[in-house]
Amino acid sequence: MDERSRRSGFAHFVSALFAVIAVILIVHILLVFADASATSTIVKDVGDMAAKLAWGFKSLFTFDSAKLTVFVDYGLAALAYLLVGGIVVRLFRTAV
């Protein structure tokens, strides 16, 4: 396997990883907006994963509406992951 192919494979992996993280954050937002049962194991697990992945964004803003707070904080975290993932992928693809 040549170097270019190896970099391309790694770039695909990184892209997929960051996309999955963004999807977890977005699913959490959707579950909050849908008023999903907080006692559900799936809802708890997604919420726990999202809380860990949102690190610094989790308490960035506070609005009167809890749903709006989740939307902005976790939405910004998802955008940040997609942006950073895109930058990393571009760096790997353009590396000599």
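Residues numbered from 1 in each chain as written. Predicted model: local features only at pLDDT ≥ 70, side-chain atom pairs only at ≥ 80, totals over all residues. Heavy atoms only, no water.

Moving on, we come to the overall build of the chain. The secondary structure content of the chain amounts to three helices and zero strands. Counting from the amino terminus, the chain carries its helices and strands in the arrangement α-α-α. In summary, the chain has a C-alpha radius of gyration of 16 Å against a globular reference of 12 Å for 96 residues, an excess of more than 25%. For the chain, the spread of C-alpha atoms along the three principal axes comes to 50 × 25 × 15 Å. Here the chain contributes 9 positive and 7 negative side-chain charges, whose respective centroids are spaced 9 Å apart. (Helix = DSSP H or I, 4+ residues; strand = E, 2+ residues; numbered from the N terminus. Rg over C-alpha atoms; globule rule 2.2 N^0.38 Å. Lys, Arg positive; Asp, Glu negative; His and termini not counted. Charge placed at Lys NZ, Arg CZ, Asp CG, Glu CD.)

It helps to recall that an α-helix has 3.6 residues per turn; residues three or four apart then point in one direction. The first and last C-alpha atoms of helix α3 (residues 66-94) sit 42 Å apart over 29 residues, in line with the 42 Å expected at 1.5 Å per residue. All of the buried residues along α3 are T69, V70, V72, D73, Y74, G75, A77, A78, Y81, G85 and V89. (Expected span 1.5 Å × (residues − 1). Buried < 20%, exposed > 50% of the residue type's maximum accessible area, 1.4 Å probe, protein only.)

With that out of the way, let us pick up the side chain of H28. Relative to the assigned elements, H28 resides in helix α1 (residues 3-33). Among all residues touching H28, those that are not within four sequence positions of it are V46, G47, A50, V70 and Y74. (Contact = heavy atoms within 4.5 Å.)

Our next topic: the nonpolar core. Ranked by internal contacts, the top residues of the largest apolar core, which has 17 residues, are L25, A50, A54, Y74, A77 and Y81. When residues of this core are traced back to their parent elements, those giving at least two are α1 and α3. Beyond its immediate stretch of four places on either side in the chain, A77 contacts L25, A54 and F57. (Core = buried A, V, L, I, M, F, W, Y, C linked by side-chain atoms within 4.5 Å.)

With that settled, the discussion passes to the packing of aromatic side chains. Given two aromatic rings, their pairing is described by the distance between the two centres and the angle made by the two planes. Using the criterion set out here, one finds six aromatic pairs in the structure. With 6.0 Å between their ring centres and 75 degrees between their planes, F33 and F71 make a pair best called edge-to-face. One end of the pair, F33, is in helix α1; the other, F71, is in helix α3, and 38 residues separate them in sequence. Owing to a relative accessible area of 46%, F71 belongs among the partly exposed residues under this scheme. Within the aromatic cluster, the residues linked to one another by ring pairs are F10, F13 and F92. (Phe/Tyr/Trp six-rings, centres within 6.5 Å; stacked < 30°, edge-to-face > 60°.)

Positive phi is not limited to glycine here, since D35 has a value of about 55 degrees. Checked against the element boundaries, D35 lands in the loop between α1 and α2 (41-53). Residue D35 is classed as exposed on the basis of its relative accessible area, which comes to 56%.

The subject of this paragraph is the environment of L76. Within the secondary structure, L76 is located in helix α3. Counting along the chain gives 37 residues from L76 to T39, while the straight-line C-alpha distance between them is 26 Å. Once you skip the residues sitting within four places of it in the chain, L76 turns out to touch F57, L60, F61 and F71.

What is shown is where atoms sit, not what they do.
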